[in-house]
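Examining the three-dimensional arrangement
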Amino acid sequence: MLKARITALLTLPMKTYALVAVHLVIAFLLLEMSCTNAQKNKLQGYWISKDGNTKLKITDKGFAMDIDARIPEHYFIKNDTIYISYQGDRPFTKFVIQKLEPGKLTLLDPNSNPIEFTR
């Protein structure tokens with residue numbers, strides 16, 4: 001009887017550690033999924049305007065209207081607006097995302113002129 005109690009006491013922490021580990025892994029996965037920005041991921045890539053005059057390159061850290069730009073501008077997205085600043089300086093240039101579909105993007109430039117892009 002004493003041996004059974006000792007065995008039960010020794011296996012209890014192992015079960016507890018396993019449960020805590022499983023919960024931590026699940027919490028980490030949920031946190032990781034909730035922090036990803038799906039809209040930003042859809043935006044990333046090379047875009048060309050329908051008239052062919054404007055080329056847009058969006059990466060996870062940079063926004064460049066000219067693909068050959070040596071220093072892309074930093075940007076962040078809040079709701080449906082892309083805020084762009086050169087190396088974090090203010091004021092921000094705002095581009096409003098009018099439509100974002102796979103392969104199609106429509107932005108309103110700071111002068112409220114729509115620009116349609118395709119991949």
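What counts and what doesn't
Residues numbered from 1 in each chain as written. Predicted model: local features only at pLDDT ≥ 70, side-chain atom pairs only at ≥ 80, totals over all residues. Heavy atoms only, no water. Patch = residues over 30% accessible without salt bridge, like charges linked within 9 Å, V, L, I, M, F, W, Y side chains within 5 Å. Areas by Shrake-Rupley, 256 points an atom, 1.4 Å probe, with all protein chains shown as cover. Salt bridge = Lys/Arg side-chain N within 4 Å of Asp/Glu carboxyl O. Helix = DSSP H or I, 4+ residues; strand = E, 2+ residues; numbered from the N terminus. Phe/Tyr/Trp six-rings, centres within 6.5 Å; stacked < 30°, edge-to-face > 60°. Core = buried A, V, L, I, M, F, W, Y, C linked by side-chain atoms within 4.5 Å. Buried < 20%, exposed > 50% of the residue type's maximum accessible area, 1.4 Å probe, protein only. Contact = heavy atoms within 4.5 Å. Pairing = 2+ DSSP bridges.

On the surface, V22, I26 and L30 cluster together to form a nonpolar patch covering roughly 270 Å² of accessible area. Along the chain, I26 falls in helix α1 (residues 2-35).

Evaluation of the coordinates by the stated rule reveals five aromatic pairs. A network of ring pairs unites the aromatic residues F63, Y75 and F95 as a single cluster.

Next up on the list: the nonpolar core. Ranked by internal contacts, the top residues of the largest apolar core, which has 15 residues, are L56, F63, I82, L105 and L107. Breaking this core down by element, the ones donating at least two residues are β2 (55-58), β4 (74-78), β5 (81-85), β6 (93-101), β7 (104-108) and β8 (114-118). If sequence neighbours within four positions are ignored, L105 has contacts with L43, W47, L56, I97, K99, L100, I115, E116 and F117.

Moving on: unusual backbone geometry. Even without being glycine, N79 reaches a positive phi, approximately 55°. By secondary structure assignment, the location of N79 is in the loop between β4 and β5. Of note, the phi angle at S112 is positive, near 65°, even though the residue is not glycine. For S112, a relative accessible area of 52% gives the class exposed.

Attention now goes to the sheet that holds strand β1 (residues 45-49). Reading across the sheet, the eight strands line up as β3-β2-β1-β8-β7-β6-β5-β4 and stay open at both edges, with antiparallel pairing between neighbours. The sheet is open, and its two borders are formed by β3 (63-64) and β4, each paired with just one other strand. One ladder, built from five bridges, connects β7 with β8; its direction is antiparallel. Residue pairing for β8: L107 is matched across the bridge by I115.

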